[in-house]
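# Examining the three-dimensional arrangement
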2 protein chains.
Amino acid sequence: MLDERMSEQSVIGSDRVEGTSIYGTNGDKIGSVRRIMIDKITGEARDVEVSVGAFLGMGGELHSLPWEKLEYDTELGGYKLDVTEEQLRGAPTYGEADRDRQLDREYQTRVYSHWTVSPYW
Amino acid sequence: MLDERMSEQSVIGSDRVEGTSIYGTNGDKIGSVRRIMIDKITGEARDVEVSVGAFLGMGGELHSLPWEKLEYDTELGGYKLDVTEEQLRGAPTYGEADRDRQLDREYQTRVYSHWTVSPYW
């Protein structure tokens, strides 16, 4: 019943976004969502932190991706990227200890420039 | 340094929204955020689950509030409601075991009607 209701609509709790699958352009699963960065004032999603190559939730590399690089695919039940795993691995990355990079405008400027996306700020 | 960067901008991780303070119309703290319901497809915040009267994170009652009932107050570092604690306590509520009410359109219709907010769906 709950699953039925959930599939009917598209909202998800902030406490449930972690672990949502990320698929590459060819449909292969290449990682998962760690968190979504939300604008506290406007309520808009800005960036998604994607974990690639983690094993049992450990290790792997983290990437911050502009929200518009992801598209939710209802059939896959996850986000599809318009890039391959290889391209993602070539993008700016950081480790577990540097997760505040997502709040660092200098770093984010490099990320947006890498993906040729206009910054929202 | 991190705090400085964080105060400069308004993004927050989905893993950090829990516990954000909720203030009433008179500026008193009346509760805290449990989670934000996000549209997976558009990335927009839709509803906020607010916990009122909890002690050490236990007990208390939960309310689902349309996003537009909250306004982020940078000085307070939390969301301000345009209602009093009394009015909030008179609104539709549910317990810990019924958190999927936020995904229930019938329930949400009652909530939006109570707050005289037009449903987004």
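Because the structure is a prediction, the values reported are computed rather than measured.

Criteria and thresholds
- Sequence order as written defines residue numbering, which begins from 1 separately in each chain.
- Both sets of labels track the order of writing: A upward for chains, 1 upward for ligands.
- Local features are withheld for residues below a pLDDT of 70 in this predicted model, meaning they are given only at 70 or higher, and side-chain atom pairs are given and counted only at 80 or more; totals for whole chains, interfaces and linings count all residues.
- Excluding hydrogens and water, the side-chain values take into account all heavy atoms of the structure.
- Helix and strand assignments come from DSSP, with helices taken as H or I runs of at least 4 residues and strands as E runs of at least 2, each series counted from the N terminus.
- Within these notes, the globule rule equals 2.2 Å times the number of residues to the 0.38 power, and the radius of gyration is based on C-alpha atoms.
- Using a 1.4 Å probe on the protein chains alone, a residue whose accessible area is under 20% of its type maximum counts as buried, one over 50% counts as exposed, and one in between counts as partly exposed.
- Between two residues, a contact is recorded if the distance between any of their heavy atoms is within 4.5 Å.
- Here, Shrake-Rupley sampling with a 1.4 Å probe gives the accessible areas, and only protein chains in the shown set may cover a residue.
- In this tally, Lys and Arg are treated as positive and Asp and Glu as negative; His is ignored, and so are the chain termini.
- To locate a charge, the coordinates of NZ of Lys, CZ of Arg, CG of Asp or CD of Glu are taken.
- For this analysis, a polar contact is any N or O atom pair within 3.5 Å, provided that within protein one partner can donate a hydrogen and the other can accept it, and provided that sequence-adjacent residues contribute only side-chain to side-chain pairs.
- Here a salt bridge means any side-chain nitrogen of Lys or Arg lying within 4 Å of a carboxyl oxygen belonging to Asp or Glu.
- Put simply, buried area is how much 1.4 Å-probe accessible surface two parts lose in total, over both of them, once they are put together.
- Under the scheme applied, nonpolar residues are Ala, Val, Leu, Ile, Met, Phe, Trp, Tyr, Cys and Pro; charged residues are Asp, Glu, Lys and Arg; polar residues are all the others, including Gly.
- The pairing test for Phe, Tyr and Trp rings, Trp by its six-membered ring, is centres within 6.5 Å, and the orientation test on the planes gives stacked under 30 degrees, edge-to-face over 60, and tilted for anything in between.
- Using a 1 Å grid laid over the protein atoms alone, points where a 1.4 Å probe fits but cannot get out form a cavity; open sets with protein on both sides within 12 Å along at least 5 of 7 lines form a pocket; any residue with an atom within 4 Å of a point counts as lining.
- Grid points are joined across faces, edges and corners, and a volume is the space filled by probe spheres set on the points.
- In this description, a nonpolar core means a group of buried Ala, Val, Leu, Ile, Met, Phe, Trp, Tyr and Cys residues linked to one another through side-chain atoms lying within 4.5 Å.

## Focus on the overall build of chain A
For chain A, the count of helices and strands is three helices and seven strands. Along chain A, helices (α) and strands (β) appear in the sequence α-β-β-β-β-β-β-β-α-α when read from the amino end. In terms of overall dimensions, chain A is globule-like: its C-alpha atoms have a radius of gyration of 14 Å, near the 14 Å expected for 121 residues. By principal-axis analysis of the C-alpha atoms, chain A measures approximately 45 × 35 × 25 Å. Burial status across chain A gives 49% buried among its 121 residues. Pairs at least 24 apart in sequence give 43% of the contacts found in chain A among residues at least 6 apart. As displayed, chain A offers around 6,200 Å² of accessible surface, 45% of which is attributable to carbon and sulfur atoms. Computed over 14 positive and 23 negative side-chain charges, the inter-centroid distance for chain A is 4 Å.

## A short note on the side chain of A:D39
Residues and elements named next belong to chain A. Residue position: D39 is located in strand β3 (residues 29-39). According to the relative accessible area criterion, D39 is buried, its value standing at 6%. Among the polar contacts listed, one links the side chain of D39 to the backbone nitrogen of T42, at a separation of 3.0 Å. Among the polar contacts made by the side chain of D39, one reaches the side chain of R46 at a distance of 3.4 Å.

## Description of the pattern of salt bridges
Tallied over the full model, the rule gives 22 salt bridges over all chains. Between B:D15 and A:R35 there is a salt bridge; the shortest N-O distance is 3.5 Å. Here A:R35 lies in strand β3 and B:D15 lies in the loop between β1 (11-13) and β2 (21-23), a pairing that spans two chains. Residue class for B:D15 comes out partly exposed when judged on its relative accessible area of 38%. Relative accessible area serves as the criterion here: at 7%, A:R35 is assigned to the buried category. Salt-bridge contacts for A:E49 lead to A:R99; the nearest nitrogen and oxygen are separated by 2.6 Å. On the criterion of sequence distance, the pair formed by A:E49 in strand β4 (residues 45-52) and A:R99 in the loop between α2 (85-89) and α3 (105-114) is long-range, its members being 50 residues apart. Neither residue differs from the other here; A:E49 and A:R99 are each classed as buried.

## Some thoughts on the interface of chain A and chain B
Every contact between the two is made by 32 residues of chain A and, on the other side, 32 residues of chain B. Carbon and sulfur atoms supply 55% of the area that chain A and chain B bury against each other, a total of about 3,400 Å² over both sides. Together, A:V11, A:K40 and A:L103 form the three largest contributors to the area buried by chain A at its contact with chain B, with a combined 22%. Linking chain A with chain B are four salt bridges, by the criterion used here. Between A:D15 and B:R99 there is a salt bridge; the shortest N-O distance is 3.7 Å. The tally of links between chain A and chain B comes to 14 residue pairs in polar contact (both at pLDDT 80 or more). Those elements giving two or more residues to the side of chain A that touches chain B turn out to be α1 (2-8), β1 (11-13), β3 and β4 of chain A. In terms of residue count, the dominant contributor to the side of chain A that touches chain B is β3(A) (five residues). For the side of chain A that touches chain B, the class distribution of residues is 15 nonpolar, six polar and 11 charged.

## Focus: the packing of aromatic side chains
In this structure the tally under the stated criterion is 12 aromatic pairs over all chains. Clustering of aromatic rings is evident, with ring pairs tying together A:W67, A:Y72 and A:Y79.

## Quick notes on the layout of surface pockets
Residues and elements named next belong to chain B. Looking at the second largest pocket, its volume works out to about 150 Å³. Taken together, 13 residues make up the lining of the second largest pocket; nearest its centre are A45, R46, W67, E68 and Y120. Residues that form the lining of the second largest pocket fall into these classes: six nonpolar, three polar and four charged.

## Examining the nonpolar core
By size, the foremost hydrophobic cluster in this structure holds 54 residues, and its most contacted members are A:I36 and B:I36. Ignoring anything within four residues of it in the chain, the contact list for A:I36 reads A:V17, A:A45, A:D47, A:V48, A:W67, A:Y79, B:I12, B:G13 and B:S14.

Shape is all these values report; function is a separate question.
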